[in-house]
Each structure stands twice: as structure tokens, then as C-alpha cells.
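# Reading the structure
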Amino acid sequence: MIRFEDLLEKVRDYNPDADLELLRRAYVFSALEHKGQVRHSGEPYLVHPLEVATILTDMKMDAVTIAAGLLHDVVEDTLTTTERVVQTFGREVAHVVEGVTKISAITFSSSEERQAENFRKMLLAMVDDIRVILVKLADRLHNMRTLNFLPEDRRLRIAQETLDIYAPIANRLGMAKLKNELEELAFRYLEPEAYDVLKAKVERRRKASEGVVEDLRRTIVAKLRDAQVPVVEVDGRTKRLFSIHEKLRRQKIDLDRVYDFVALRIVTRTIKDCYAALGIIHQTWSPVPGRIKDFIAMPRPNGYQSLHTSVISESGFPFEVQIRTEEMHLRAEEGIAAHWKYKEGRVGAERDEPYFVWLRQLLEWQQEVRDPQEFIQNLKIDLYPEEVYTFTPKGQVKPLPRGATPVDFAYSIHTDVGNQCVGARVNGRMVPLRTHLKNGDIVEIVTQAKHKPSRDWMSIVVTSRARNKVKQYLEGEEKDRAVELGRRLLEKELRRFGLNTRTLMSDPELQRVAAESGMQKIEEMLAAIGFGKLQARHVLDKLVPNEELKERPTKGVVSAVRRALAGDNEKIKVRGADDLLVVRARCCNPIRGEKIVGYITRGKGVSVHSVSCPNVTNLLYTADRRIEVEWDRGADQGGYTVALALVVEDRKGLLAEISAKIADVNTNITNIEAKTHDGHLDRMDMTLEIRDLKHLEKVLKSLRKVSGVLGVERAPK
Ligand code: MN
């Protein structure tokens, strides 16, 4: 067990100016408060805060952080209040302790909604003062080291939480050393059998290769010395159990096929020497193609920098070589902690470091993204990055998560570029917007002024930035529609009682009612009506004293209003509630005559699908949100726009014949687009005006008869 005096000694070593008196007082305070408390291990409780403080000392933290480490459990586990910590140790220490206490109260194994809220709280505490998460991580590390003393259920819960939450956060903050230990420990407790088996296997292989690795190391040292490339150190190590385990599982391969089982690390003085060393390694052994990675020129999102290559020795032994400078090495091991040293320098010039950029970004999102599920999804993509490196035509690097598309790329440049993106050239060739970008792709975005994001983009973007921007745009558009609908529904309600819409719908009147309904803006209230969250009648009651209300049936107006409102959606009636926002689903775009079913969406009214729509049959919706809808017999018999996709053979006169056939069945074409592949016509997209299901069937039948038409499908609108 570490003695407090040893801790002081260490602090004095790296920070002679540290406020040791503060540490001494914190230690005594903690000892008194935790007096009599015992850990599961049987040791006095005080051992825990002392160990946590020691971990922070090893990270060379400032005195405030170490004091907070000593005090981190006093508010949570004793009768001490935050106020007392403020009085005794000042605002700064108390602030960090309070942050840690807040995070410690969070359990992540709750419902998704709660979990998102918890995450948000934790991020806020973290962004507020990064030292909070450093103390929390040190706390978690010591708890993981002593996990074997806990009962099994708690052991599993804590290990899982560590793997899901704390290790990824440590990783995102660039703290590889701490992350690695957390992962190894979590693996050991979560899958003890797999851990033991793998450990034995790895140990055998490591022993067998020990001599080889030492030879390789000596060869490298000698070669670098001959070439006069100065190095700080060269050492060999075997890959960690958890990452081998992950790799075996992911790639379904055998331990023998893991190329980076052994890695040799070369630490140099300068970047130039890194590349010189790489050249010498490649002259000595054959590199494995596709395994050379330049993270110096293209750092990982968490700031990690290094050169990686895999080579094969004369005897056929594969191994990885990692080359970096001393400074890169320090940052690779300690990450953000390397920035929060005792120097008390605060952030400042380091604000541009990737971790701080990331934290600022988090802060931005947490203000932008209201929906907790959305928020947690963003965060997950961001916490478990698997990146590809793409380039602008000018050679600027854009790291993106795996699966990213040109739309993600466009938004990473600028919101306007994203919004107006109509196409993309990858390595000089036009590609569909849903293409997954690969490492090294040079991406050029084609934009068009006034172009707008489409709803389909939600399914092809993966970066949180693009998702948020597209969603923001769509929500804005939807809200405009809802405000308009709400205004008209309210007018309709007023006319029903023969009231004067002009005076009653004046701004001051509406403002008054909005305020009474707990809303700041008129728009907000109208949107609530449009979304079906607020009854128009409810607003009316507040606008006009009850005794003045006398209903006058004015049927004609009602249907006229409904038609004006929702375009061709007015042809659908919702039983028992005709003031709901009704939208025909784009996925199946049902038309009169088809069997339909309605679903109440979250805040967006009723979405009407064809009964045979795959989204319905796949049970995307739960039964209690189902609502009966029917085609409105009273509505006029105007047309629907229906999109068709034709697969065709390229032949002369095809387009003319298709147009003629469509004219034969009395149908208007509103749009037609021919698509070519390698210079040959192979697809046609068209939009038609269709009266009802029977009419559509007639059109489909006559199109299928045209020679050269291989297939006709209905397409989403
Ligand atoms: Mn603790």
C-alpha cells in the first residue's frame, strides 16, 4: 500500500511549486471523513482515494486534481456536503469533486432515454472542467483493479459499463495507456474463460518468439545506427489480449494469422527521422502491401500520430513496426492528460488540439440535438470511430467514419455545400450519392444553387454533423408546414362559429393566448395545432369568452380548407378526428383504391401507408399507433403523382413509343428522365398523374407491352 508521504515526494519531484499543504489537508480531511468505512477487500476505505490520487500523480496532474482525487468520494459516501468542501478547499477543488460526484451517481444500464440524459450530464460535467473526467477515469481504473472483491452481478455491471462508456471516452481523449488497462481488466471479468484460454495461447506464442523479437530489435538498432538515424528507444511488445480477442472475433481468423501480434516501436527525435527509419525498415524487410499507414500526415481523430507498417522477416515471421517521435509517443500514451500537467497552463494555445475540438463539438451538439435517441446515436458513432481518409481535390484531408458517403463529405466542408449537393465525383468519376467512400478517395462535390436536402439523405449519412444538418433542415421545413396548417385550422374553427378571423387572429390576441398556453411565440402555438398536439378548439376557448360561442354549420368551407391545406392528402379521412395532419407516406405513396392504414407518427401527424407497404409489414410500427383511415368519398377526383422506374433496353424510338402509349391511356407525364450507363440508355424515371389504382394498373399494363421495356416498378415519390 502506498503511503501518503511517498505521494507527496512524487509530486514534489515533478512539480516543486505544488501546493503540498493543500494535499496534506485534503488527505487528513478524507481520512477523517472515511474513518471506520471499509472496502469490499477488507481494507480501510481511505486506501481507495489514496490510490486514485496516486494514479493522478503518475499522470503528473496539478495539485487541484490530486486533491480532488483524495476527496472524490467524500460527498457521495459520507455526510460531508459540497458547501463544506467549498469552505475548506475553495471553489476550484469543490467544483471538480462535485463534477465527479455527479458522474458517479449515473448508472448507464438504464433505458435508452435515461441513458442519453445521463450521457448528456456527464459530457456537460466533462466539458465544464476536463479534470472531472480525469479523476473519474482514475477512480474507475482503481475500482477495476480491485473488482475481484465485488459480488458477481456488480462486477459484471461495472466491467460492462467500463467497456461501453469509460474505455471509449479514454480512447477519444487519446489516453491509450489508461484505455488499454481498462479494456484488459474488463475483458478478464466479462469473459473469464475466453480470457484464460487466449492468455495461455498468447503466452506460448510469445515465449516461442521471444528470441526472434530480440534479434529483430538488435537488427533495427544496428541498421539505424549505420544509417545515422538517431533513436531514443526501440522496444518490442506483444499485442494486448483484448485487441487480439476483438481482432479474432471480427475477422474470424486464427491467432497465427494476426500480423501485428508482435510490434516493435521506434521512438525518434524528429519527424524527418521517422520517415528515414521507415525507409530503412522497408529496405531490410518486405512490407506487407496495404498495411503502411501514415498517421503522422493524417492523425487519427483523437490526435494519435505514428507511422505503421507490417513487414515479414527473412524467416517468414510477420510483425508490425510503429515509428513516432518522443512527443507523439507521450501524447499517444497519455492523450489529453499530457496537456493538463502541473504547469497550470490551462488550455489556451492547446484549444486547437483534437480533444478540445471534439469537446467543443460535443457542447455544440448537446445544444442542437434535443432528441435523446438522436443524441446517443451521434455519440456512439463518435465514440467508436473507425475512420477512412478522403481528400478534397486540393489535397486537404477529411477523415470520416467508415460508411460515410459523399453527402457526409459535403457537410464536412460546409453546411451550404451539403445542402446544395446534387452529385459527386470520386477519383474523377460520377458516383451515386449513397456510395461508401474508401481510403484515399478524392471527392469533388457538385452543387446547385437552391437545391435542398432530401429526406432520403437521413438513411445515407453517418456523421453526426451531416445528420444534424439534414434533420434541422427537414424539421424547419416541416415546422413551416405545420404553422401554416395550424393557422388554417384555427381560422376554420373561428369560421365555424361565425367569428371575425381578422380581429381575433391579430398578433396581440394570439400572443396573449400563446403566453397563456405556456408558449413564447405565436408560431410555436400554431405549429402545435398543426402537429396535432394542441386542439384548435382549446385556443378558441381562450380567444373568445364561452358565452359568445354559437356554432354555425358551414360545411363548404371546411372541405375547401382541408383541400387547400394538405394538397392531395385531403383525400384521406381519419375516423373521428379530421383535424389531424395527414401525410401520404413517401415509401409507398398510396393512391385511391388501394387499401390503406394510418400510423400516428411522433409529432408529425398521421402517416398513411398502403397495407402492403414493406415498412408496415416489417412491423416498424407498433399496434397501438395504428389508426383507421379511409379514402374521402366527398373529395374531388383529381390525380395523384406517381413515380415509375423503368428498366429498358437501348433502342431507337423507344422514348417516342412510351410517350405515345401513355397518351393513349389519357395520362399526363409531369416529368421524364432517361438514365444512361456507359453511354447506353438503361433506365427511365418518370412521374405521371394517376387518378386511382385502376388507372395505374392500366398504365402499367400498356407500358409492359412496349418492346424494349424490361420492367416497370412503382418508385417512392
Ligand atoms: Mn471512488
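Everything here concerns the structure above.
The present account deals with the structure reproduced in this document. Everything numeric in this text was worked out from a predicted model, so none of it was measured.

Tallying secondary structure elements over the protein chain gives 27 helices and 21 strands in all. Across the 717 residues that make up the protein chain, the buried fraction comes to 48%. For the protein chain, the accessible surface area stands at approximately 36100 Å², while carbon and sulfur atoms represent 49% of it.

Protein-derived ligands of the manganese ion are H48 (NE2), H72 (NE2), D73 (OD) and D139 (OD), with the metal-ligand distances lying across 2.2 to 2.3 Å. In terms of primary sequence, the donors binding the manganese ion are separated according to H-x23-H-D-x65-D. One end of the pair, H48, is in helix α3 (residues 47–58); the other, H72, is in the loop between α4 (63–71) and α5 (74–77), with 24 residues separating them in the sequence. With relative accessibility at 1%, the residue H48 sits in the buried group. On the basis of relative accessibility, which here comes to 0%, the residue H72 falls in the buried class.

In this fold, A338 is placed in the loop between α14 (326–334) and α15 (354–368). Setting aside residues no more than four positions away along its own chain, A338 makes contact with L330 and R331.

Now for the pattern of salt bridges. Here the structure, examined in full by the defined rule, presents 35 salt bridges. Residues R217 and E214 are paired through a salt bridge, measuring 3.3 Å at the closest nitrogen-oxygen approach. Highlighted residues: R217 and E214, both in helix α11 (residues 192–226), separated by three residues, approximately one helical turn. On the basis of relative accessibility, which here comes to 26%, the residue R217 falls in the partly exposed class.

So, about the packing of aromatic side chains. Taken as a whole, this structure holds eight aromatic pairs when the rule is applied. On the numbers, 4.1 Å between centres and 5 degrees between planes, the contact of F4 with Y27 is stacked. Of this pair, F4 sits in helix α1 (residues 4–14) while Y27 sits in helix α2 (residues 20–33), and the two are 23 residues apart along the sequence. The ring of F295 is capped by R300, whose NZ or CZ atom sits 4.4 Å from the centre of that ring.

Bringing the sheet that holds strand β9 (residues 421–426) into the picture now. Taken in spatial order, the three strands make up an open sheet running β10-β9-β11, and their pairing is antiparallel. A single partner strand is all that each edge strand has here, and the edge strands are β10 (429–431) and β11 (443–447). Put simply, the sheet's adjacent strands are angled 35 degrees from each other on average, direction ignored. Strand direction decides the pairing type here: β9 and β10, joined by three bridges, are antiparallel. Residue pairing in the sheet places A424 in a bridge with V431 of β10. Strands β9, β10 and β11 of the sheet are contacted by helix α17 (residues 406–413), whose axis makes an angle of about 80 degrees with β11.

What sets the pattern is the α-helix's 3.6 residues per turn: residues three or four places apart point alike. Those residues of helix α21 (residues 507–516) lying buried are L510, V513 and A514. All buried residues of α21 project into a common sector of 105 degrees when viewed along the axis, lining one side. More than 90 degrees from the buried face of α21, the exposed residues found are P508 and A515. Where the residues of α21 are buried, they touch α19 (464–496), α20 (501–504), α22 (522–530) and α23 (536–543). Where α21 ends, the next residue or the one after it, G518, has phi of about 80 degrees, a positive value.

This next bit is on the sheet that holds strand β19 (residues 669–677). Strand order in the open sheet formed by four strands is β19-β20-β18-β21, and the pairing between neighbours is antiparallel. Among the strands making up the open sheet, the edge pair consists of β19 and β21 (709–715). Looking at each pair of strands side by side, their axes are set apart by 20 degrees on average, direction ignored. Here eight bridges tie β19 to strand β20 (residues 680–690), and the two strands are oriented antiparallel to one another. Its bridge partner being in β20, T676 is matched across the sheet by L681. Sheet strands in contact with helix α26 (residues 654–664) are β18 (640–648), β19, β20 and β21, and its direction is about 15 degrees off that of β20.

Checked against the element boundaries, N589 lands in the loop between β13 (582–584) and β14 (596–600). Only 3.1 Å separates the side chain of N589 from the backbone oxygen of T641, close enough to count as a polar contact.

With 71 residues, the main nonpolar core has L173 and M175 as its most contacted residues. Among residues more than four places away in sequence, those in contact with L173 are M126, I130, I133, G335, I336, Y355 and W358.

What follows covers the packing of α1 against α2. In a packed pair of helices, the relevant descriptors are the angle between the two axes and the axis-to-axis distance. Between α1 and α2, the shortest axis-to-axis distance is 11 Å and the interhelical angle comes to 155 degrees. Comparing the axis directions of α1 and α2 gives the class roughly antiparallel. Regarding α1 and α2, the two cross each other, and that crossing is right-handed. Facing α1, whose interface residues are F4, E5, L8, V11 and R12, α2 presents L20, L23, R24 and Y27. Of the residues contributing to the contact of α1 with α2, the split by class is six nonpolar, no polar and three charged.

Another point: the environment of S412. Mapped onto the fold, S412 is located in helix α17. Once the C-alpha coordinates of S412 and L400 are considered, the two residues, twelve residues apart in sequence, prove to be 8.7 Å apart. With sequence-adjacent residues up to four places away left out, S412 is seen in contact with K398, L400 and R465. In this structure the side chain of S412 is engaged in a polar contact, spanning 2.7 Å, whose partner is the backbone oxygen of F409.

Taken together, the side chains of L655, I669 and I672 present a nonpolar region at the surface, about 210 Å² in accessible area. As for its position among the elements, I669 is in strand β19.

Definitions and cut-offs
Residues numbered from 1 in each chain as written. Predicted model: local features only at pLDDT ≥ 70, side-chain atom pairs only at ≥ 80, totals over all residues. Heavy atoms only, no water. Helix = DSSP H or I, 4+ residues; strand = E, 2+ residues; numbered from the N terminus. Buried < 20%, exposed > 50% of the residue type's maximum accessible area, 1.4 Å probe, protein only. Areas by Shrake-Rupley, 256 points an atom, 1.4 Å probe, with all protein chains shown as cover. Donors = N, O, S within 2.8 Å, 3.2 Å for Na, K, Ca; no water. Contact = heavy atoms within 4.5 Å. Salt bridge = Lys/Arg side-chain N within 4 Å of Asp/Glu carboxyl O. Phe/Tyr/Trp six-rings, centres within 6.5 Å; stacked < 30°, edge-to-face > 60°. Lys NZ or Arg CZ within 6 Å of the ring centre and 35° of its normal. Pairing = 2+ DSSP bridges. Axes fitted to C-alpha atoms, helices over the stretch in contact; angles between N-to-C directions. Arc of directions from axis to C-beta. Polar contact = N/O pair within 3.5 Å; in protein donor to acceptor, adjacent residues only side chain to side chain. Core = buried A, V, L, I, M, F, W, Y, C linked by side-chain atoms within 4.5 Å. Parallel < 35°, antiparallel > 145°, perpendicular 65-115°, else oblique. Left-handed = near helix turned anticlockwise from the far one by under 90°. Nonpolar A, V, L, I, M, F, W, Y, C, P; charged D, E, K, R; others polar. Patch = residues over 30% accessible without salt bridge, like charges linked within 9 Å, V, L, I, M, F, W, Y side chains within 5 Å.

Read these as layout, nothing more, since geometry by itself doesn't imply function.
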